[in-house]
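Architecture at a glance
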Amino acid sequence: MEVMLHITTLHYLVLGAALFLLGVIGVLTRRNVVIVLMSIELILNAVNLNLVAFSRLWGGQHGQIFAIFVITDAAAEAAVGLGILIAFFRNKETINIDEVNLLKW
Amino acid sequence: MAPIATPFFFYLLSAMMLVGGILVITQKNAVHSALALIVTLLAQAAIYLMLYAPFVAAVQIVLYAGGIMVLFLFVIMLVNIDRSLKEKQFNSQWWVGIIAATGLGGLFVAVYTKGKNIFPERVLSVAEADNTQKVASLLYGQYMFAFEIASLLLLVAIIGAVVMAKKKI
Amino acid sequence: MNAFVQYIESYLTSNLTPGAAGNMFWVFVYILLVFVGLSVAVICMNWLERKILAHMQVRLGPMRVGPHGLLQPFADALKLLLKEDIMPAEADSVIFWAAPFIVVLAAFTTFVVVPFGPQHAITDMNIGILFMLGVSSLSVLGIVMAGWASNSHYPLIGALRSSAQMVSYEVAMGLAVVSAILMTSLNATGTGTLSMIGIVEAQKAQGEWFIFKFFPLGLVSFAIFAIAMVAETNRAPFDLAEAESELTAGFHTEYSGFRWSLFFLAEYSAMIAVSSIAVTLWLGGWLRPFPNLLSGPRWDTFFSYFPGATFLALAAICFFNVARMPKHPYFRIQTVGLAGFGGFLAFIGLVLFIPAVSFRVQDIFWFSAKVAAFMYLYIWYRGTFPRYRFDQLMKIGWKVLLPVGLGVLILTAGVALFQQNLWRP
């Protein structure tokens, strides 16, 4: 019960790991590209959670800075990924990731 | 400021995040997934607040929930999802997913059980009041170069997205 | 029991916000007060908008329900609550149900950090203004979902238009806000603040509202914000998302009854929220006119009469209209009702003249008065400006407001740097 009542860094790390696993499962098993991209967002969020938890542990702000950079990257990734998705949908009329296996148009 | 990192809120928010995450990867409809992801992101912003990182929490709300998710919703509306609803939702490599997940999970469990004693017992106290100022002075001081590169990355991403999504330039 | 009373009383002597003092009881009281106050404000706005618009168009507006239509908002609310709640057969029920609540939550949550006075805010966050902008931008999600879930053409087009507009104008809005926040750093330590209370206190310390700071830079950034906030709340002349003549009602075409009233509530709360941002950042928040120039106990007493005087003036208007009521027996109930309402307003006015009360509420009064001026502006815009075309709207946002905002930001930074003597050639 002691573990439940006192929230330590490990709690946040376990939460981050669980979120990371969910994201990995989503990326590996889903066929819908949009949901695969969302699972990638889940993975990035898990990483962010760890970074901020560690920055709390060591009492600095460096982890938070990295979290901000990761969020920026997530924005860039989402923009390009969804752009590719739209181009793909225009050519193949599907958003099924299993059909993106031609390596050419 | 009284400490707000109470166990109750931690478990509530973690439950919200995990349920949201599970819904993201199991929902058939992409819009429902997006809604679940928004719940996860907002709960995570609240957890950032508990970790005395209010600025990251605000960035999370502004950029993730207010920016990226709107982009996702836009794209979901542009692509026709009626067809994909009728298709099989999971691919045939679900066993790869299970193996990868158990492997990674086992790795995490091993690392955390072995390494949980290396963390210091007491977390260092951080002043929340000037969090934004400290983040700002780090961002525009020590991490100036990384900041500029991030802005360049965003520019590249804008151009890439426009080139990809536009029919004719 | 005694400890509880002590807990409640302990806050009254502190001069912090309840959130900062960590007193949960008063946090709940303040949340309740803000909620009730907002609802009353939305009811008043509903009546005022119809009346003022009507008078601008040389009509009378609502006159039948209650004297001068004063009970019209209550009748409307009753009608909306009693109406059948229709959900289209092909609609996505979960999202159709969730969308209005997202919009309302986003609109109400922003008020957590709005400073009605130096200690009259639910809490004071370190990231106040960023929190407000972020949470208010969440309403885009609700709008997109409402439009999509209705599974109908007009709502979808309305939602796409509306969200494109809100996302575009957020950029200009953010730039204007940044140039105002930059001005808070002009103090001895050289660090600014994002806290809403800190921003107002910086204006007090610097002795001028930020709208007059670095004339005309503050004024220009204020103008950018004032235009962007009208677009941000989807109000006329930028209301093409719900252009009645083109899209029937935009994203909430398929909504009816209670859910529609939630959208209505959210729209007006969002208007009040963005107006509060403008008031806090540029118009000195809760500060009364000339707090430094006309200081001293005599001026303090003089300015503390304003809240009561305002209510007495409203009561006087009521009594004037009682005198103008037709003498026909058909109007007797209305006359009595209006007189009663005037008496109620006069009673509030007299209570506000008690020094202890007026001293506590005068900050709230000045803040509300400034916000009310913005609310009137909203109605005035709606009454006078024709609606823009969508390409014109995007042109204003991206080609005018964004470059001007960037220019103002750079100029403000340069002038501030120059003034702080940090710039050594």
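Residues numbered from 1 in each chain as written. Chains lettered and ligands numbered in written order. Predicted model: local features only at pLDDT ≥ 70, side-chain atom pairs only at ≥ 80, totals over all residues. Heavy atoms only, no water.

So, on to the overall build of chain A. What chain A contains, in helices and strands, is 4 helices and 0 strands. Each helix and strand of chain A, placed in order from N terminus to C terminus, yields the pattern α-α-α-α. A compact globule built from 105 residues would reach a C-alpha radius of gyration of about 13 Å, whereas chain A, at 18 Å, exceeds it by more than 25%. With the C-alpha coordinates aligned to their principal axes, the bounding extent of chain A is approximately 55 × 30 × 15 Å. In chain A, which comprises 105 residues, the share counted as buried stands at 62%. Contacts spanning at least 24 positions in sequence make up 50% of the contacts within chain A whose residues lie at least 6 apart. Counting only carbon and sulfur atoms, one obtains 70% of the accessible surface of chain A, whose full area is about 4,100 Å². In chain A, 6 positive and 7 negative side-chain charges are present, and the distance between their average locations comes to 8 Å. (Helix = DSSP H or I, 4+ residues; strand = E, 2+ residues; numbered from the N terminus. Rg over C-alpha atoms; globule rule 2.2 N^0.38 Å. Buried < 20%, exposed > 50% of the residue type's maximum accessible area, 1.4 Å probe, protein only. Contact = heavy atoms within 4.5 Å. Areas by Shrake-Rupley, 256 points an atom, 1.4 Å probe, with all protein chains shown as cover. Lys, Arg positive; Asp, Glu negative; His and termini not counted. Charge placed at Lys NZ, Arg CZ, Asp CG, Glu CD.)

Another aspect to go through is the overall build of chain B. A tally of helices and strands in chain B yields 7 helices and 0 strands. The N-to-C order of helical and strand elements in chain B reads α-α-α-α-α-α-α. Taking all 169 residues of chain B together, 42% fall into the buried category. Contacts in chain B between residues far apart in sequence, at least 24 positions, make up 61% of those at least 6 positions apart.

Attention now goes to the domain arrangement of chain B. As far as domains go, chain B holds domain 1 (1–87), domain 2 (90–119) and domain 3 (127–169). The straight-line distance from the C-alpha centre of domain 1 of chain B to that of domain 2 of chain B is 23 Å. (Domains from an automatic or database assignment.)

The subject of this paragraph is helix α7 (residues 139–149) of chain C. All names here are of chain C. Burial runs high along α7: 11 of the 11 residues are buried. Along α7, the residues that are buried comprise S139, V140, L141, G142, I143, V144, M145, A146, G147, W148 and A149. Following α7 by one or two positions, N151 has its phi on the positive side, about 60°.

On the secondary structure map, C:L156 appears in helix α8 (residues 153–183). In the structure, C:L156 is positioned 13 residues away from C:I143 in sequence and 9.6 Å away in space, judged by C-alpha atoms. Every residue in contact with C:L156, bar those within four places of it in the chain, is listed here: B:M77, C:G147 and C:W148.

Contact residues are listed per partner, giving 26 residues for chain B and 27 residues for chain C. The largest per-residue losses of area from chain B upon contact with chain C belong to B:L35, B:F74 and B:M77, which jointly make up 25% of the total buried on that side. One can count 0 salt bridges joining chain B with chain C. Scanning the region where chain B abuts chain C turns up 4 residue pairs in polar contact (both at pLDDT 80 or more). No other element matches helix α3 (residues 54–78) of chain B, which puts 12 residues into the side of chain B that touches chain C. (Buried area = accessible area lost by both parts, 1.4 Å probe. Salt bridge = Lys/Arg side-chain N within 4 Å of Asp/Glu carboxyl O. Polar contact = N/O pair within 3.5 Å; in protein donor to acceptor, adjacent residues only side chain to side chain.)

What follows is about the side chain of B:S14. Note that B:S14 resides in helix α1 (residues 7–26). Using a relative accessible area of 7% as the deciding quantity, one classes B:S14 as buried. Among residues more than four places away in sequence, those in contact with B:S14 are A:L15 and B:I47.

The next subject is the packing of helix α10 (residues 217–232) of chain C against helix α12 (residues 257–282) of chain C. A pair of packed helices can be characterised by two numbers: the angle between their axes and the separation between those axes. All names here are of chain C. Relative to each other, α10 and α12 sit at 175°, their axes nearing to 10 Å. On the basis of the axis angle, α10 is roughly antiparallel to α12. Residues G218, S221, F222, F225 and M229 of α10 form the contact with α12, whose own contacting residues are V274, S275, I277, A278 and W282. Of the residues in the contact of α10 with α12, the class split is 7 nonpolar, 3 polar and no charged. (Axes fitted to C-alpha atoms, helices over the stretch in contact; angles between N-to-C directions. Parallel < 35°, antiparallel > 145°, perpendicular 65-115°, else oblique. Nonpolar A, V, L, I, M, F, W, Y, C, P; charged D, E, K, R; others polar.)

Core analysis: the biggest nonpolar cluster contains 169 residues, and B:F72, C:I129, C:F225, C:M229 and C:W282 have the highest contact counts within it. For this core, the element with the highest residue contribution is α3(B), accounting for 16 residues. Domain assignment of the residues forming this core places at least three in each of domain 1 (1–87) and domain 3 (127–169) of chain B. When sequence neighbours within four positions are dropped, the list of residues in contact with C:I129 reads C:V177, C:I181, C:L194, C:M196, C:I199, C:I277 and C:L281. (Core = buried A, V, L, I, M, F, W, Y, C linked by side-chain atoms within 4.5 Å.)

Okay, the confidence of the model for chain A next. Averaged over every residue, the pLDDT of chain A is 85; the share at 70 or more is 93%. Within chain A, no element has a lower average pLDDT than helix α1 (residues 2–5) of chain A, which sits at 58, and none a higher one than helix α3 (residues 33–58) of chain A, at 90. (pLDDT = per-residue confidence, 0-100.)

Its place among the elements puts B:A165 in helix α7 (residues 144–165). Residue class for B:A165 comes out partly exposed when judged on its relative accessible area of 26%. Once residues within four sequence positions are removed from consideration, B:A165 is found in contact with A:G83, A:I86 and A:R90.

On to the interface of chain A and chain B. With 76 residues of chain A in contact, the opposing surface of chain B contributes 85 residues. Of all residues in chain A, the largest losses of buried area upon contact with chain B belong to A:R30, A:M38 and A:R56, amounting jointly to 10% of the total for that side. Scanning the region where chain A abuts chain B turns up 0 salt bridges. Here chain A and chain B share 8 residue pairs in polar contact (both at pLDDT 80 or more) between them. At the level of elements, α1, α2 (9–29), α3 and α4 (62–92) of chain A are the ones that each hand at least two residues to the side of chain A that touches chain B. Looking at the side of chain A that touches chain B residue by residue, the class counts come to 49 nonpolar, 18 polar and 9 charged.

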